[in-house]
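# Report on the structure
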Amino acid sequence: QVQLVESGGGLVQPGGSLRLSCAASGIIFSSYVMRWCRQAPGKQREWVALVTRGGDTNYADSLKGRFTISRDNTKNTVYLQMNSLTPEDTANYYCNTAKFGTDYWGQGTQVTVSS
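In what follows, the accompanying structure is described. Worth saying up front: this structure is predicted, and the values here are computed from it rather than measured.

### Focus: the packing of aromatic side chains
- On inspection of all chains with the given rule, the structure shows one aromatic pair.
- An angle of 90° between the planes, with centres 6.4 Å apart, marks the rings of Tyr-94 and Trp-105 as edge-to-face. You can see Tyr-94 sitting in strand β9 (residues 91-99) and its partner Trp-105 sitting in strand β10 (residues 102-105), a full eleven residues away along the chain.
- The positively charged end of Arg-45 is found above the aromatic ring belonging to Trp-105, 4.4 Å away from the centroid.
- Over the aromatic face of Phe-29 sits the side chain of Arg-71, whose NZ or CZ is 4.5 Å from the ring centroid.

### Observations regarding the sheet that holds strand β3 (residues 18-25)
- One open sheet holds the four strands; their spatial order is β1-β3-β8-β7, and the pairing between them is antiparallel. What marks the edges here is a single partner per strand, and that holds for β1 (3-7) and β7 (67-72). Sheet twist, expressed as the mean angle between neighbouring strand axes with direction ignored, is 15°.
- As judged from the six bridges shared by β7 and strand β8 (residues 77-82), these two strands associate in the antiparallel manner. Across the sheet, Ile-69 pairs through a bridge with Leu-80, a residue of β8.

### What to know about the pattern of salt bridges
- Under the defined criterion, the tally for this structure stands at four salt bridges.
- A salt bridge links Asp-89 to Arg-66, with the nearest nitrogen and oxygen atoms 2.8 Å apart. Of the two residues, Asp-89 is situated in the loop between β8 and β9 and Arg-66 in the loop between β6 (57-59) and β7; the sequence distance between them amounts to 23 residues. Each member of the pair Asp-89 and Arg-66 is classed as buried.
- Overlapping salt bridges bring together Arg-38, Glu-46, Arg-66 and Asp-89 as one network.

### Overview of the pairing of β10
- The pairing of β9 with β10 spans four bridges and is antiparallel. Bridge assignment links Asn-96 to a residue of β10, and that residue is Trp-105.
- Taking the residues that link successive antiparallel strands as the turn, the β9-β10 hairpin has two residues, and the phi of Phe-100 there is positive, at about 50°.

### Here's the deal with unusual backbone geometry
- Positive phi is not limited to glycine here, since Asn-76 has a value of about 50°.
- Note on placement: Asn-76 falls in the loop between β7 and β8.
- Look at Asn-76 and you get partly exposed, because its relative accessible area is 27%.
- Phi at Ser-84 is positive, roughly 50°, even though this residue is not glycine.
- With respect to the element layout, Ser-84 can be found in the loop between β8 and β9.
- The class for Ser-84 is partly exposed, based on a relative accessible area of 40%.

Each value, and the rule that gives it
Residues numbered from 1 in each chain as written. Predicted model: local features only at pLDDT ≥ 70, side-chain atom pairs only at ≥ 80, totals over all residues. Heavy atoms only, no water. Phe/Tyr/Trp six-rings, centres within 6.5 Å; stacked < 30°, edge-to-face > 60°. Helix = DSSP H or I, 4+ residues; strand = E, 2+ residues; numbered from the N terminus. Lys NZ or Arg CZ within 6 Å of the ring centre and 35° of its normal. Pairing = 2+ DSSP bridges. Axes fitted to C-alpha atoms, helices over the stretch in contact; angles between N-to-C directions. Salt bridge = Lys/Arg side-chain N within 4 Å of Asp/Glu carboxyl O. Buried < 20%, exposed > 50% of the residue type's maximum accessible area, 1.4 Å probe, protein only.

This is the structure in structure tokens:
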């Protein structure tokens, strides 16, 4: 059974930073592409970043330079370091992977950027 558990969200002031974590179980973690997505109130879920099995990364164009995705295969965990946060980054952040064609999602962690 695949489980993804996000943590690290919270309230942060504009310009601040947060690091999100997603702990995975039920998969051979090192074999899977891992993704972060986010969904703001009233908006569709959007892809944020991914990290491949080999550690290569890719980002949504609008987030390049501010967000960094990484993985620790010894801890079965993927991270999202978010810097220079703005109110537009307020959203529920989800991690995601796919196994045998089925998408798996965590419950999400809320990030609120506000003064």
